[in-house]
Amino acid sequence: MSVADVLDRQDGVYWVVKDANSVFLWVNQNFADLVGMTKEELIGHQDSRAEHVAHDKMVMASGKPLLNFHETIAVPTLDGGMVNVDIVTQKGLLRALGSETIIGITVCFSLKDPING
């Protein structure tokens, strides 16, 4: 089992890796399912959530991770609408291999109030 397999199979944990322009480099299956898209639809496209992108830029500019940050994410509902859900986010810095150069951001979050099911 690869690390990606493990990250895809974590219950209730959502993972995202973005470049310095908030373009999705990798997402786990949980995240894709939560936002109602496939991994293929997400990877290579810029995050359109302005507030999340602003937080990404803030973290990269500061050079410090953002931990236990409470925010919301809009997710699709079964009736075709959207609803904001509360999440608790950890944003870390993605650095170039063998360098201190910041090349992106890692995001790990969970729902503040997990859905039972």
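Within an unreviewed UniProt entry, the label attached to the protein reads PAS domain-containing protein, and the organism entered is Arthrobacter stackebrandtii.

Attention shifts here to the UniProt feature "domain: PAS" (unreviewed entry) in the protein. Annotation from UniProt places "domain: PAS" (unreviewed entry) at residues 19-44. End-to-end, the C-alpha atoms of residues 19-44 are 10 Å apart, and along that stretch the chain is 42% helix and 19% strand.

So, about helix α4 (residues 50-62). In this model, α4 (13 residues) spans 18 Å end to end at C-alpha, consistent with the 18 Å of a helix rising 1.5 Å per residue. Every buried residue belonging to α4 is among His52, Val53, His55, Asp56, Val59 and Met60, and all of these are buried. Burial along α4 is one-sided: seen end-on, the buried residues are contained in an arc of 160°. Among the exposed residues of α4, those oriented more than 90 degrees off its buried face are Ala50, Glu51 and Ala61. On its buried face, α4 is in contact with β1 (14-19), β3 (66-76), β4 (82-95) and β5 (102-111).

Bringing the side chain of Thr89 into the picture now. Mapped onto the secondary structure, Thr89 falls in strand β4. For Thr89, a relative accessible area of 1% puts it in the buried group. Here Thr89 is in contact with Leu66, Leu67, Asn68, Phe69, Glu71, Val107, Cys108 and Phe109, once residues within four sequence places are set aside.

When charged atoms on two side chains of opposite charge get close, those side chains can pair. Inspection of the entire model under this criterion finds seven salt bridges. With a shortest N-O distance of 3.6 Å, Arg9 and Asp5 are connected by a salt bridge. The class of Arg9 is exposed, set by a relative accessible area of 53%. A salt bridge links Arg49 to Asp47, with the shortest nitrogen-to-oxygen separation between them at 3.3 Å. Residues joined in a network through salt bridges with shared partners are Lys18, Asp47, Arg49, Asp56 and Lys91.

Criteria and thresholds
Residues numbered from 1 in each chain as written. Predicted model: local features only at pLDDT ≥ 70, side-chain atom pairs only at ≥ 80, totals over all residues. Heavy atoms only, no water. UniProt positions renumbered as here; feature names shortened; annotations may be inferred. Helix = DSSP H or I, 4+ residues; strand = E, 2+ residues; numbered from the N terminus. Expected span 1.5 Å × (residues − 1). Buried < 20%, exposed > 50% of the residue type's maximum accessible area, 1.4 Å probe, protein only. Arc of directions from axis to C-beta. Contact = heavy atoms within 4.5 Å. Salt bridge = Lys/Arg side-chain N within 4 Å of Asp/Glu carboxyl O.

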